[in-house]
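Per-entry structural report
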Amino acid sequence: MVTIACVQATNYLGRGAEYVHKLFDGCRRWLPEARYVCLTDDARCVPHYAEAKELPSGLIGWWNKIALFKPGMFPIGERILSFDLDTIIVGDLTDIAAYSGPFAIVRDMFRQKGFASAVMAWEAGTADDIWNIWDAAGRPSDLYGGDQKWIEFLRPKAVPLNDVFLDQFVSFKK
């Protein structure tokens, strides 16, 4: 079984609860048996069938996503598939949810040699260093490119999900 995870902080674009519901509802069409977890500063935005986990204090903006990798956030060995709140699910997720390889992330649609943290897949406990090193460094938040550049720096050889699941990831911006 896979855990579908998202992060909702400070009422994202004034529509945090709506986005969480739409994302999880889109995933549930294809993965009704998955576990659903939202890391948030407002548990009221989380649907009744999902679990709300409190975000660590002191995180700002996109840096809240780094909390996905905080040790203890998920049981070790659990498969995690995370989506940004602005992800729109338009098709079957079964094959993506079944991914069991090493840390994987989508390529940045505008920087083909870079990564975007919009969709990531990993086994809990195998990427704790992403949080641990960032936390030990004083939680820097001035890195151009934000959380995804931090993840890219620590996982330069991550598996690009776009290469494994051809034509299943598109950008409405591009």
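Use the structure listed above.
Everything numeric here is computed off the predicted structure, so don't read it as measured data.

In this section: unusual backbone geometry. Unusually for a residue other than glycine, N11 sits at a positive phi of about 50°. Checked against the element boundaries, N11 lands in the loop between β1 (2-8) and α1 (16-28).

Let's shift gears to the sheet that holds strand β6 (residues 115-123). Taken together, 7 strands build an open sheet; the order of strands is β3-β2-β1-β4-β6-β5-β7 and the sheet is mixed. If you trace the sheet from one side to the other, it starts and ends with β3 (51-54) and β7 (159-160), each paired once. Relative to β6, strand β4 (residues 79-83) runs antiparallel, the two sharing 5 bridges. Residue pairing across strands places S82 opposite M120, the latter belonging to β6. Where helix α4 (residues 146-154) meets the sheet, its contacts fall on β5 (104-107) and β6, and the angle it forms with β6 comes to roughly 50°.

Attention now goes to the pairing of β4. In terms of residue burial, β4 counts as a mostly covered element, since 5 of its 5 residues are buried. Residues of β4 alternate between two faces, with R79, L81 and F83 on one and I80 and S82 on the opposite face, all of them buried. By the bridge criterion, 4 bridges tie β1 to β4 in an arrangement that is parallel. Bridge pairing links A5 to S82 in β4.

Another aspect to go through is the layout of surface pockets. Counted as a void, the largest pocket has a volume near 1400 Å³. Lining of the largest pocket is provided by 44 residues; of these, D84, D86, T87, A118 and K173 occupy positions nearest its centre. For the lining of the largest pocket, the secondary-structure elements that each account for two or more residues are β1, β5, β6 and α4. Ranked by residues supplied to the lining of the largest pocket, first place goes to β6 with 4 residues. Split into classes, the residues belonging to the lining of the largest pocket amount to 22 nonpolar, 11 polar and 11 charged.

Definitions and limits used
- Residues numbered from 1 in each chain as written.
- Predicted model: local features only at pLDDT ≥ 70, side-chain atom pairs only at ≥ 80, totals over all residues.
- Heavy atoms only, no water.
- Helix = DSSP H or I, 4+ residues; strand = E, 2+ residues; numbered from the N terminus.
- Pairing = 2+ DSSP bridges.
- Contact = heavy atoms within 4.5 Å.
- Axes fitted to C-alpha atoms, helices over the stretch in contact; angles between N-to-C directions.
- Buried < 20%, exposed > 50% of the residue type's maximum accessible area, 1.4 Å probe, protein only.
- 1 Å grid on protein atoms, 1.4 Å probe; cavity = no way out; pocket = protein on both sides within 12 Å on 5 of 7 lines; lining within 4 Å.
- Points joined across faces, edges and corners; volume = space filled by probe spheres on them.
- Nonpolar A, V, L, I, M, F, W, Y, C, P; charged D, E, K, R; others polar.

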